[in-house]
Amino acid sequence: MQIEPLSRHLGAVVTGIDARRPLTPAEVAAIEAGMDRHAVLVLPGQDITDEQQLAFTQNFGPLEEGANSTVRANELRLAPTFADVSNLDKDGSVLARDNKRRMASLGNRLWHSDASFRAIPARYSLLSGRIVTTDAGNTEFADMRAAYDALDTATKAEVEELVCEHSLIYSRQQLGFTEFLPDERVSMKPVLQRLVRTHPVTGRKSLYLSAHIGAIVGWPRPEAMAFVRDLMEHATQAEFVYIHHWTKHDLVIWDNRVTMHRVRRFDDLNTVRDMRRTTTRSDGPTVAQQAA
Ligand code: OGA
Ligand code: MN
């Protein structure tokens, strides 16, 4: 297995691995070590089935399921163990402009960390490019370790103990999407996350930012959101970003604990983009949750 870095802070290409076959413990350890170092790994040429993607993913911990919880079960195109990041409905047609799932998925255009709105958030996301767009629809990744390191001393001290509220309602509201059903409002109740995380293996600190943030505990809301915007702007400077241009059958793995990502705009009403994501869970919450 070879690993070649892709940018100054994050991202590397991995060759010499076949994601269709069971991995040896040494291969799993080598990928995890690569993730700890580079935070994003690109595995080109992985022509995998859904079953192979699931089996490969489970080398890296328990699955984070229910990513499509706002889509009715009979409308799912993929098994519920997948996040369907495509622009297709279950019959394979491109989603209509006013389709509710399309509206919700536009949230992926905002910088975020997957499932930061869950008390136990995501660890790795694995995104398989089955049908890709090449001129647009790039996926961008920001290194939140490098972003943390580059903060001045006063800001590091200020963010150290802060706790944020994350919810899908907040990220969707940013885009003016406010059609939530009463039961969705209950399932999207905000969760608490530390703003500064420490990586369990490397010990490096990182900023835990996401479009899902809607408040900082103990702060007036406008002051909190203005500060979060400043931190977002700081963390997504070009220096900290790797831009992934997709090739069919790329399998891209990112560590949600230390990165943010977003997809760039593409002509999703006239072009097919079939991306399928599997996700693993973190070990536990980043901070104790308030009693409901
Ligand atoms: C995701 C996501 C970005 C993309 O799968 O979590 O945000 O490029 N996808 O589709
Ligand atoms: Mn995402």
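Presented here is an overview of the structure given in this document.

Conventions used here
Residues numbered from 1 in each chain as written. Chains lettered and ligands numbered in written order. Predicted model: local features only at pLDDT ≥ 70, side-chain atom pairs only at ≥ 80, totals over all residues. Heavy atoms only, no water. Helix = DSSP H or I, 4+ residues; strand = E, 2+ residues; numbered from the N terminus. Rg over C-alpha atoms; globule rule 2.2 N^0.38 Å. Buried < 20%, exposed > 50% of the residue type's maximum accessible area, 1.4 Å probe, protein only. Near = heavy atom within 4 Å. Polar contact = N/O pair within 3.5 Å; in protein donor to acceptor, adjacent residues only side chain to side chain. Areas by Shrake-Rupley, 256 points an atom, 1.4 Å probe, with all protein chains shown as cover. Donors = N, O, S within 2.8 Å, 3.2 Å for Na, K, Ca; no water. Salt bridge = Lys/Arg side-chain N within 4 Å of Asp/Glu carboxyl O. 1 Å grid on protein atoms, 1.4 Å probe; cavity = no way out; pocket = protein on both sides within 12 Å on 5 of 7 lines; lining within 4 Å. Points joined across faces, edges and corners; volume = space filled by probe spheres on them. Pairing = 2+ DSSP bridges. Axes fitted to C-alpha atoms, helices over the stretch in contact; angles between N-to-C directions. Phe/Tyr/Trp six-rings, centres within 6.5 Å; stacked < 30°, edge-to-face > 60°. Lys NZ or Arg CZ within 6 Å of the ring centre and 35° of its normal.

What follows concerns the overall build of the protein. In terms of regular secondary structure, the protein is built from eight helices and 15 strands. In summary, the protein has a C-alpha radius of gyration of 18 Å against a globular reference of 19 Å for 292 residues, a match within 12%. Across its three principal directions, the C-alpha atoms of the protein cover 50 × 45 × 35 Å. A buried classification covers 52% of the 292 residues belonging to the protein.

This part takes up the site of ligand 1. The local shell around ligand 1 consists of V85, N108, H112, D114, L127, T139, W254, H261, V263, R273 and R277. One of the side-chain nitrogen or oxygen atoms of H261 is found 3.0 Å away from an oxygen atom of ligand 1. Interatomic distance of 2.7 Å between a side-chain N/O atom of R277 and an oxygen atom of ligand 1. Burial of ligand 1 by the protein chains amounts to 99% of its free accessible area of 290 Å².

Where a metal carries four tetrahedral donors, each ideal angle is 109.5 degrees; where it carries six octahedral donors, the ideal angles are 90 or 180 degrees. All of the protein donors around the manganese ion (ligand 2) are H112 (NE2), D114 (OD) and H261 (NE2); their distances to the metal are 2.1 Å. Counting along the primary sequence, the residues that act as donors to the manganese ion (ligand 2) give the motif H-x1-D-x146-H. Among the residues examined, H112 registers a relative accessible area of 4% and is labelled buried.

With that out of the way, let us pick up the pattern of salt bridges. In this structure the tally under the stated criterion is 20 salt bridges. Among the ionic pairs, D84 bridges to R77, the shortest N-O distance being 2.9 Å. The shortest N-O distance in the salt bridge between E160 and K205 comes to 3.1 Å. On the criterion of sequence distance, the pair formed by E160 in the loop between α5 (153-159) and β7 (163-166) and K205 in strand β10 (residues 205-207) is long-range, its members being 45 residues apart. Classification of E160 by relative accessible area gives partly exposed; the value is 23%. On the accessibility criterion, K205 (27% relative accessible area) is partly exposed. One salt-bridge network, in which partners are shared between bridges, spans D50, R77, D84, R101, R130, D274 and R276.

To continue, consider empty space enclosed by the protein. One pass over the full model with this rule turns up two cavities of 30 Å³ or more. Space inside the largest cavity adds up to approximately 660 Å³. Considering the residues around the largest cavity, the lining is formed by 33 residues, among which D84, V85, A104, S105 and N108 are closest to the centre. Residue assignment for the lining of the largest cavity shows that the elements contributing at least two residues are β4 (83-84), α3 (100-105) and α6 (168-174). In terms of residue count, α3 provides more of the lining of the largest cavity than any other element does, four residues in total.

Our next topic: the sheet that holds strand β11 (residues 213-216). With antiparallel pairing, three strands are arranged side by side in an open sheet as β8-β7-β11. Every other strand in the sheet has two partners, leaving β8 (191-194) and β11 as the edge strands with one partner each. With direction set aside, neighbouring strand axes in the sheet form an average angle of 35 degrees. When β7 meets β11, the two strands line up antiparallel, connected through three bridges. Within β11, the position partnered with E165 by the bridge is A215.

Let us look at the packing of aromatic side chains. In the structure shown here, the tally under the stated rule is six aromatic pairs. A centroid spacing of 5.5 Å and a plane angle of 65 degrees characterise the contact between F56 and F60, whose relative ring orientation is edge-to-face. Summarising the burial analysis for this pair, F56 and F60 share the class buried. Here the aromatic residues F56, F60 and Y124 are joined through ring pairs into a cluster of three or more. The positively charged end of R123 is found above the aromatic ring belonging to Y124, 4.3 Å away from the centroid. One residue, R273, lies across the ring of F266, its end atom 5.4 Å from the ring centre.

What follows covers the sheet that holds strand β14 (residues 259-263). Here three strands make up an open sheet; going across it, the order is β12-β6-β14 and the pairing antiparallel. With one partner strand each, in any of the chains shown, β12 (241-244) and β14 form the two edges of the open sheet. Recorded for the sheet is a direction-independent mean angle of 20 degrees between the axes of neighbouring strands. Of the pairings in the sheet, the one linking strand β6 (residues 139-143) to β12 comprises four bridges and is antiparallel in character. Paired with E140 across the bridge in β12 is I243.

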